[in-house]
Amino acid sequence: MTGLLASILYEDWILHALIWLPLVGTAHVLLTSAERAKDIAFRWSALVFVLSLGLWWSFDPGDGGFTMVSTAPWIESWGVSYALGIDGISVFMVLLTTFTSAIAILGSFEYVKKRRKAFYALMLLLEMGVVGFFLATDIFLFYVFFELTLVPMYFIVGIWGGQRRIYAAIKFFLYTAVGSLLMLVAILYVYFSSGTGSFGYEAFMNAGLSLREQLWLFAAFALAFGIKVPIFPFHTWLPDAHVEAPTPGSVILASVLLKMGTYGFLRFLLPFFPEAARHPVVVMVMLVLGVVGIIYAAWVAAVQPDAKKLVAYTSVAHMGFVVIGVFALTLNGLQGGMVVMISHGISTGALFLLLGMMYERRHSRLIEDYGGIGRVAPWFATAFVITALASIGLPGTSGFVGEFLALLGTFETHMVVAAIAATGVVFAAYYMLPMVQRVLFNKLDKPENRTFADLTRREMAIMAPLVALMIWIGVHPTPFLERMEPSIEVVLERVEGAPRAAVETMEGATMVEATVNPVEDPSADPAILPAPANVPARED
Amino acid sequence: MVTGVSAASLASAGMAVQAAAEWQPILPGLIVLLPLLGFVLNGILALQSARHSSAALREGRDWDPFAGARPPATHRLPTWIGPGVMGLAFALALLNFLGMPADLHDPVVVPYWGWIVTGDLSIAAAIQLDQLSMVMTLVVTGVGFLIHVFSVGYMGRDPGYPRYFAYLNLFVFFMLVLVLGSGFATMFVGWEGVGLCSYLLIGYWFSDREKSDAGKKAFIVNRIGDVGFLLAMFLLFNGFGTLDFIPIFAGAENHFAAGGVTITAITLLLLLGAAGKSAQLPLHIWLPDAMAGPTPVSALIHAATMVTAGVYMVARSSVLFALAPTSQAVVAGVGVLTALVAATIAMQQYDIKKVLAYSTVSQLGFMFMAVGVGAFTAGIFHLVTHAFFKALLFLGAGAVIHAMHDAAHHGDGHLDEQDMRNMGGLRKYMPVTCAVMWIATLAIAGIWPFAGFFSKDEIIWYTAAWAGAESNPFGQLYAVYWGLALLTALLTAFYMTRLMVMTFHGANRTGKAASSHLHEAPNVMTVPLIVLAVLSVFGGWINVPNALSDSFAGLWGSLPMTEWLHHWLEPVTHTAAEIQVAGFGEAAHAAPAGGGEVAWALISTVAAAVIVAAAVMFVGRRKYVPAAQDAGPRGALPRFVYNKWYFDELYDAVIVRPVLALSRWCWKAIDTVVIDGFVNFTGNFARLAGWATSLFQTGQVNMYAFVLTLGVLFVLGAAVFL
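Computed from a predicted structure; not experimentally measured.

Participant: Go over helix α21 (residues 523-538) of chain B, please, and point to the residues and values.
Facilitator: Residue and element names in this part refer to chain B. Here α21 spans 22 Å end to end across 16 residues, near enough to the 22 Å set by a 1.5 Å rise per residue. Three or more residues of α21 are buried, namely Met525, Thr526, Pro528, Leu529, Leu532, Ala533, Ser536 and Val537. Lining the buried residues of α21 we find α4 (131-154), α16 (376-410), α17 (431-445) and α18 (451-467).

In structure tokens, the structure reads:
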């Protein structure tokens, strides 16, 4: 496989293709008829997914840095470039995106009835934005993609959503926009203070920020990403957005849009502001917010009468595991966080698809309108139960591997936090099993439910790969873990050893450093460098 | 099989190669895989047949797979697949058991693949074969096979027949993962997996609200224990950097000071996990409800195997527990209290399965007491004999319910087929069932020479002996445990005899029309009963203690296999035994109240026999009326125990309702009012501000540029100076 991919120069063009092919698909959908729009969109998304699969073989984590790097100047006067790269963290996010986009489009065939061309065009546009976000290594480019994802999602909720779609869409937009504007300010600050006149990833890593600056900038970035995750107490946009969004919107939202937040932590927040990230107060704040999210969201989920809202809240709880895993700052914790991200993308996406199928059949999201579905729809019930079990982290499913590693990693540095978070596994059963029972089990006492159809072939084609992935990752996660490990080590070393590593590399790299950045005193600890903002501004 | 073994798991692979020189097990992975194969095949059949039943339901028809002369393939094949894979697995386990050298010193670990491998952690999917896991495997596959065979008769007319066998096979798969896993993490996979199957099987008749409630309760209560298990694993990982049994147990003595805080915390957390799975106080409440499942499930999961996992886990971690005497005292205390409380409840229940459920809780308490006082062999011994006689009791009850069910069909009005007040005099209709259940009753009552006598006596004796050990800091506490255990043993004899008399003797209370349809179970059900009865008689002989072998109990030296199990398990338990002797001194040779082992064995068996006889007279003379005409027990104390000491009501008031109320409050108050209130306020404020600032929209570009610059400067300035 590797040889075949090499013969077609796969690594040279794949990243570009993954970003731009969805855009081509968007154009194609807009030019076609409304009837054919869904097929065309699915074919493009399937093509993108199949192409992206090659990454599984051709991607080599190497030493953990970016590979398949390509850079082209874009806005030269500002130092903005079209720079892409992929590493062991983003490769999974990209695969998750291409996979769930295709699945979500396939899952929307029955749900979306009006303005289909516009809908599928936006779905593909959204895919492009998300893939671009995960692949960008230029901060300006990253920000453009970040904002680009906001617009299609806003319209998907606002046009194809439920009754309160306008409220939900605006809430979603405002929440995210507030965070991202603050982040823009922070990005500009780093850009100007680094003095390199570049938006490149390296330039931002070596901006030489003081601890105080880092803390402020950390706060701005953390808020932007934290809203996206979402972290308690910035989560209330999520239940509304999920409930109102059409099924495919919910799937993409849960599977990949939330991951943009936690991916932002790993890709930007920790490496750019390592000293702030390991500051004990910061760590404790993030861990506490993560734990509160796990417990609080589980409680709130448990009393929801609306199944979709229930699952939306469980997302907050799951992402809490990612947050504690990341801010435990241990290898196990970070890897666990990554696996939770992947696993949540699969299992929660699958849950939203299943709820969508229920809605298409019965036009209700209320749990109490169901009951005894297992008797009339056994395949549906089987898929539902497996997905629910993966979601609550039963060993042998993907959910367990992630939560186990995240908790274990957290326990290594923060025993009490991990111990409290571990009670989340009880509350997971407390919110999930009653819903499973009230939907699938109990008496089939509502006549409308007697005609509840079982999974169609198309729906089976949607669920089968999702279920297979849940079990595969649960039984043999090592291929995933070993691909992500080097890149996670890089993040961890950066956070843990920032000053030390910087001083050590100085010896060998003094000359290079000195030429690149003459202001910096090689012998000085970056932590106590004068704030670059006080350095006379350069005109470059 | 060894595919994709990563570098990190090679260490354990190397260990296996080394051990292979000593003994090469025969396809151990297949023992685990066979039930999984059964699950897959039966699962496919189940989904296939469910297509028909759901289609019929949608069209408003009834679908009876047994309507035709021959049931469809989906309902014929499971008969062969379900018990078939179990029989093969048992044969393979037996082959390995017979091949295993008695003096095998080190466990044999067979790795298959690296399960979770990160930079800091390596967990291999591996099987560990040693004397302890071998005994457990034999019990699980052997008793499991008998129960599968019995199920063919018991569940043969159930529309969900293939689904039933799919779940049952899956359960055995996870149970084997639990007992054969080579580390705490792999054990945990089986641990939660059997919990899942328990959930699915308790709620097997899921259309019944009460039954699916019971399944849910079991799962959630079990998960409370699982948190303890998880945290114990994390502590172990922090200490050892691994979760594999071999390095942890080998290094524990050097790593932990005896009685230290960490080791005590680890063992208490493990106890929490064990208490959840084995239904010990205060987490015992799920097991009686679990009787909602089909009766063979109660026999397999909720008597013979899964619920004993906690005992197995403590015995497996014997080294850790021996290093934490405080935890041991707690384990034994939990055990003895559970045994006593459950026994009192069993005395006042009318539902035949409820009596057996509480009896199981009580017997598990005895096992906990055993492993708590350091008598790990005695604990496993009782686990084995209990698997025989309790499986027999449950299956026998199943045969009774089976008969009562058919009778109820023909009777007039509603008839609770599990209520013993509706039974009586069944001996006439089902003599085989009656006879084998009497054997099991005498066994559980601890009457010589039945199996339960030897195992229970050993537990009680060890408690007495360790109570008298020179430097046991908990000596007096142990003496109390001993006294309570004796009392509980007598209660056991009483409530079991009560069950037998109410069910099989006296006048029949089933009703005229119904009783003519009472019948003995078919052979496919009675044969497993007879096999289990034989084991309940002779099963205790595998471990006749030295001290008793020359007395009446050992037929004055003529019983074979003296202390066989003790010697067999020695490679697994000897480290713990040495630690215990080092800490407590040698065990005493007399009970706290005086008297030696033979004397107390004689006293307890005679006392139990007297209780049985007294109960036959007392219960036999009482006049019971059918349940429909009975108001339940009279008097405060009987009502108190009849209502299970009000544990459920207490938890409901103290835990369930407050958490639910808190959950609602979080949603309605914090999410809706506080957070969204703030968000909406800001939104409205922004709209207002937007209107205000729209006044600045003068259309003059200079004005815009000015404001824009001002804004950027303001934000940048704020960031710099703050």
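Participant: Requested: an account of the packing of aromatic side chains, with residues and values cited.
Facilitator: Applying the stated criterion across every chain, the model contains 86 aromatic pairs over all chains. Between tyrosine 204 of chain B and tryptophan 205 of chain B, the aromatic rings sit 5.4 Å apart at their centres with planes inclined by 70 degrees, giving edge-to-face as the arrangement. Accessibility expressed as a relative area gives 0% for tyrosine 204 of chain B, which makes it buried. Geometrically, the ring pair formed by phenylalanine 640 of chain B and tyrosine 646 of chain B is tilted, given 5.9 Å between the ring centres and 45 degrees between the ring planes. Under the relative-accessibility criterion, tyrosine 646 of chain B is labelled partly exposed at 35%. Its guanidinium or amino end placed over the ring of tyrosine 370 of chain A, arginine 362 of chain A lies 5.6 Å from that ring's centre, counting from NZ or CZ. One cation-aromatic arrangement involves lysine 456 of chain B over phenylalanine 366 of chain B; the distance from NZ or CZ to the ring centre is 5.0 Å.

Participant: Can you break down the nonpolar core residue by residue, with the values?
Facilitator: The biggest cluster of nonpolar side chains holds 433 residues, and the ones touching the most others in it are Phe142, Phe380 and Phe404 of chain A. The leading source of residues in this core is α16 of chain B, at 21 residues. Of the residues that make up this core, three or more belong to each of domain 1 (1-272) and domain 2 (278-475) of chain A. Sequence-distant contacts of phenylalanine 380 of chain A, that is, excluding residues within four places in its chain, are made with Leu354, Met357, Met358, Ile373, Leu440, Phe452, Asp454 and Leu455 of chain A. Residues Ala329, Ile460, Ala465 and Trp466 of chain B belong to the second largest nonpolar core, which totals 28 residues.

Participant: I'd like to hear about the confidence of the model for chain B, residue by residue, with values.
Facilitator: Residue and element names in this part refer to chain B. The share of residues in chain B with pLDDT of 70 or more is 93%, and the mean pLDDT across the chain is 88. In the model of chain B, helix α1 (residues 10-20) stands out as the element of lowest mean pLDDT, 45, in contrast to helix α5 (residues 161-180), which has the highest, 96. Under a pLDDT of 50 for its full length, residues 1-19 has, in the predicted model, 28 contacts with residues more than four places off or in other chains. The complex model carries a pTM of 0.90, and its ipTM stands at 0.89.

Participant: Got a sec to walk through the pattern of salt bridges? Specific residues and values, please.
Facilitator: Under the defined criterion, the tally for this structure stands at 21 salt bridges over all chains. The partner of lysine 171 of chain A in a salt bridge is aspartate 240 of chain A, and the shortest N-O contact between them spans 2.7 Å. Taken as a pair, lysine 171 of chain A in helix α7 (residues 165-194) and aspartate 240 of chain A in helix α10 (residues 237-244) lie far apart in primary sequence, 69 residues in all. As far as the burial class goes, lysine 171 of chain A and aspartate 240 of chain A line up, both buried. Where arginine 421 of chain B meets aspartate 630 of chain B, a salt bridge forms, and the shortest distance between an N and an O atom there is 2.6 Å. Here aspartate 630 of chain B lies in the loop between α24 (597-621) and α25 (636-642) and arginine 421 of chain B lies in the loop between α16 and α17, a separation of 209 residues in the sequence.

Participant: Any details on the environment of histidine 414 of chain A? Residues and values, ideally.
Facilitator: Residues and elements named next belong to chain A. Checked against the element boundaries, histidine 414 lands in the loop between α18 (398-413) and α19 (415-422). In the structure, histidine 414 is positioned 130 residues away from methionine 284 in sequence and 9.1 Å away in space, judged by C-alpha atoms. In contact with histidine 414, not counting residues within four places along its chain, are Val283, Met284 and Leu287.

Participant: Explain the pairing of strand β2 (residues 80-86) of chain A to me, using residue names and the numbers behind them.
Facilitator: Residue and element names in this part refer to chain A. Of all 7 residues that make up β2, 7 are buried, and the element is covered over most of its length. Here β2 shows a buried face lined by Val80, Tyr82, Leu84 and Ile86 and a second buried face lined by Ser81, Ala83 and Gly85. Strand direction decides the pairing type here: strand β1 (residues 67-75) and β2, joined by 6 bridges, are antiparallel. Among the inter-strand pairings, alanine 72 is bridged to a residue of β2, identified as tyrosine 82. Hairpin connection from β1 to β2: 4 residues lie between these consecutive antiparallel strands, with glycine 79 at a positive phi of about 75 degrees.

Rules used in this analysis
Residues numbered from 1 in each chain as written. Chains lettered and ligands numbered in written order. Predicted model: local features only at pLDDT ≥ 70, side-chain atom pairs only at ≥ 80, totals over all residues. Heavy atoms only, no water. Helix = DSSP H or I, 4+ residues; strand = E, 2+ residues; numbered from the N terminus. Expected span 1.5 Å × (residues − 1). Buried < 20%, exposed > 50% of the residue type's maximum accessible area, 1.4 Å probe, protein only. Contact = heavy atoms within 4.5 Å. Phe/Tyr/Trp six-rings, centres within 6.5 Å; stacked < 30°, edge-to-face > 60°. Lys NZ or Arg CZ within 6 Å of the ring centre and 35° of its normal. Core = buried A, V, L, I, M, F, W, Y, C linked by side-chain atoms within 4.5 Å. Domains from an automatic or database assignment. pLDDT = per-residue confidence, 0-100. Salt bridge = Lys/Arg side-chain N within 4 Å of Asp/Glu carboxyl O. Pairing = 2+ DSSP bridges.

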